[in-house]
Amino acid sequence: MPTTTSFARAPHAGSVRDARRRHGRRARGRSGVAPRAGGEEPEWKRRQREQDAAISAEEDAVRTAVRERSKKLIEDAEAKVGRGDGDGGARGVDASRAVLAKKIAEATRAMNDGLVERETETRLLLLAACCGEHLLLIGPPGTAKSELGRRLSALCESGSYFERLLTRFSVPEELFGPLSMKGLERDEYVRRIDGYLPTASVAFVDEVFKANSAILNSLLTILNERLFDNGSERIDVPLLCMVGASNELPESEELDALYDRFLLRSSVEQVSSGGLSKLLALSGDAAIGSKAGDRGGMNSSVSVTLKPEDFSNIRHEAAAKVTVPQNVIELITDLRAFLQDKCEPPVYVSDRRLLKAVQLLRVAAYTNNRDEVSEFDTILLTNVLWQRPSEAVLIKDWILERLAQDRGTKQVQYLLAGLFGRACRADGDAEECARLLDEARKLRGVLASQLESLRGTQGGSLPALTNHLWLSPADAARASQTLAPMFSKVSKSLEKLLEDVLTLEVALERDTEPHILALLMPDFWAAFIREGPIADVQPLGVASP
């Protein structure tokens, strides 16, 4: 950016043009030049007028270029949101994932058919199956907890379903099968496991925390390692997902390990007053419930099925292809610190649970056709990290507040101020100007990307939430209502920053002189002359050495 003009330390950027004119008048006074007779324009005045016209022309040229580029960038961002190419939509990275997402959406609708206010639990159960994890439902009897397990089994093309109600008097034979009489004759302590939990693909265990110590150890191994010790032989268990149900939380410390095995948890309440009329209007199997082994009350015309290998492939592909960005890692780290240090009583989160939670977020991103976990995926942690149902509200509020924070605008403004200061000091250094231009373009790319992710806030909707496979419409709507107003405000701030970055970028491309750049970006100029070293801000009109 070649220039022979340095900057003066002034109280405000708006005084730059006036300072130049005052300097010209002082110079004329010192030279003793008097106005010409006959109304003829003095030479100094003509030169001043030409200089002001050149400055105005350069200002107008830069501003026009900035308006055109800014308009195009904003239109492109809105067009991507309209096509579903923003953060809330599928990016087309893999056509097979689009097919998978459609299949999961159909399975969700099939499982939810005939149920009232169970959209969240339906999605959590399918997500648990995709992750190879287990779901715990806590709530009073008669809230369709067992119905969900049966419906998941009905969607699986192969594999058996196991269901059992535990009591304090339950014995291992009820879950793992009776002892083999022939085995005992051969001095072998083995069980006949066919039709019992060790051979099931989907299981529902009611009152799961009634499990006694005789059952507990084998149950833990099945849930975590998918292994069962049958006599001297350790066999693989085909269990895809277990749905555990309970009317109350575990009270004994020996059950803490079992409690921790259920990665996803949901508190199931009775149908609200608003949904009661819909519930009472149900007819057929949906109204009377279902029995173990049938289609769980689902519409018999539904043909969607999911194979166990489908679920396994999702887990492996998600682990291999989906990355977790640093901002999501920092959010999870801060969330655990909040739960363990700021909550009373503290909410303990095991390392194993955190690792599995991250894998769950990878699966959520993969099935939503993304190669990177989004901050919006972390809303799912609301059903992962609580120990008591009341803590779910705290977790959701904390996550939404974190998502609604200023999304990096202060950091971008700080970086832009640094670029502006360096541009003022470049003084014709071609290499430095080229570096500044490259950095400005990168900063513009960051802002454009952030703006794209926020364009969906128009009209109070967020595609990243409303199109999310694993968030129920009610959950997505509540989150959108909380986030949309703040995101709209942040979007306006990003548009202003984008205009400033484009101004600097165009000025660098056109070799605009620093005193004109000061007029184009007065706020940054004011900060520069206020905070910059005095050596960088020399008296106006004095040539740089």
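Residues numbered from 1 in each chain as written. Predicted model: local features only at pLDDT ≥ 70, side-chain atom pairs only at ≥ 80, totals over all residues. Heavy atoms only, no water.

As annotated in an unreviewed UniProt entry, the protein chain carries the name P-loop containing nucleoside triphosphate hydrolase and comes from Ostreococcus tauri.

**Quick word on the sheet that holds strand β7 (residues 264-267)**
What counts is decided by this rule: A strand pair is defined by DSSP finding two or more bridges across the two strands. Secondary structure is summarised from DSSP: a helix means a run of H or I of at least four residues, a strand means a run of E of at least two, and numbering begins at the N terminus for each. Every angle, taken between N-to-C directions, lies between 0 and 180 degrees, and every axis is a line fitted to C-alpha atoms, over only the stretch in contact when it is a helix. Note on contacts: a residue pair is in contact if any heavy atoms of the two residues lie within 4.5 Å.
Strand order in the open sheet formed by five strands is β2-β3-β6-β1-β7, and the pairing between neighbours is parallel. Looking at the sheet topology across the chains shown, the edges are occupied by β2 (160-165) and β7. The average undirected angle you get between the axes of adjacent strands in this sheet is 15°. Here strand β3 (residues 200-206) pairs with strand β6 (residues 241-246) via five bridges, running parallel. Bridged to V202 within β6 is C241. Lying over the sheet, helix α5 (residues 145-155) contacts β1 (135-138), β2, β3 and β6, oriented at roughly 165° with respect to β2.

**Focus on the pattern of salt bridges**
Spelled out, the test is: Any carboxyl oxygen of Asp or Glu within 4 Å of a side-chain nitrogen of Lys or Arg constitutes a salt bridge here. Buried means the residue's accessible area, taken with a 1.4 Å probe over protein chains only, is under 20% of the maximum for its type, while exposed means over 50%, and partly exposed covers the values in between.
Taken as a whole and assessed by the stated rule, the structure comprises 33 salt bridges. D371 is paired through a salt bridge with R97; the nearest N and O atoms lie 2.5 Å apart. Here D371 is found in the loop between α14 (351-367) and α15 (391-403), whereas its partner R97 is found in helix α3 (residues 95-112), with 274 residues between them in sequence. A salt bridge links R352 to D260, with the shortest nitrogen-to-oxygen separation between them at 2.9 Å. Here D260 lies in helix α9 (residues 256-261) and R352 lies in helix α14, a separation of 92 residues in the sequence. Residue classification places R352 among the partly exposed residues on the basis of a relative accessible area of 33%. Each member of the salt-bridge network shares a partner with another, and the members are R69, R441, R444, E505 and E509.

**Here's the deal with a nonpolar patch on the surface**
Quick reminder of the rule: Every patch collects residues that have over 30% relative accessible area and no salt bridge, joining them within 9 Å if they carry like charges and within 5 Å if they are nonpolar side chains (Val, Leu, Ile, Met, Phe, Trp, Tyr). In short, Shrake-Rupley with a 1.4 Å probe defines the accessible areas, and a residue's cover is counted only from the protein chains shown.
Taken together, the side chains of M181, L184 and Y189 present a nonpolar region at the surface, about 330 Å² in accessible area. Examined against the element boundaries, L184 turns out to sit in helix α7 (residues 181-185). Residue class for L184 comes out partly exposed when judged on its relative accessible area of 38%.

**Some thoughts on α15**
Put simply, the rule reads: Multiply 1.5 Å by the residue count of a helix minus one, and that product is the helix's expected span.
Helix length check: α15, at 13 residues, gives a terminal C-alpha distance of 19 Å against a target of 18 Å (1.5 Å per residue), a fit within 8%. Where α15 is buried, its residues contact α13 (326-342) and α19 (473-510).

**Overview of the packing of aromatic side chains**
Here is the rule: Each pair of aromatic rings taken from Phe, Tyr and Trp, with Trp reduced to its six-membered ring, is defined by centres within 6.5 Å and is described as stacked if the planes are under 30 degrees apart, edge-to-face if over 60, and tilted in the remaining cases.
Tallied over the entire structure, the rule returns seven aromatic pairs. Where F209 meets Y259, the ring centres are 5.8 Å apart and the plane angle is 75°; that geometry is what we call edge-to-face. Of this pair, F209 sits in the loop between β3 and α8 (213-225) while Y259 sits in helix α9, and the two are 50 residues apart along the sequence. Look at F209 and you get buried, because its relative accessible area is 10%. Aromatic pair W525 and F528: ring centres 6.0 Å apart, planes at 40°, arrangement tilted. A residue pair is termed a helical-turn pair when its members lie 3 or 4 positions apart in one helix, as W525 and F528 do in helix α21 (residues 522-531) at three residues. Residue W525 is classed as buried on the basis of its relative accessible area, which comes to 2%.

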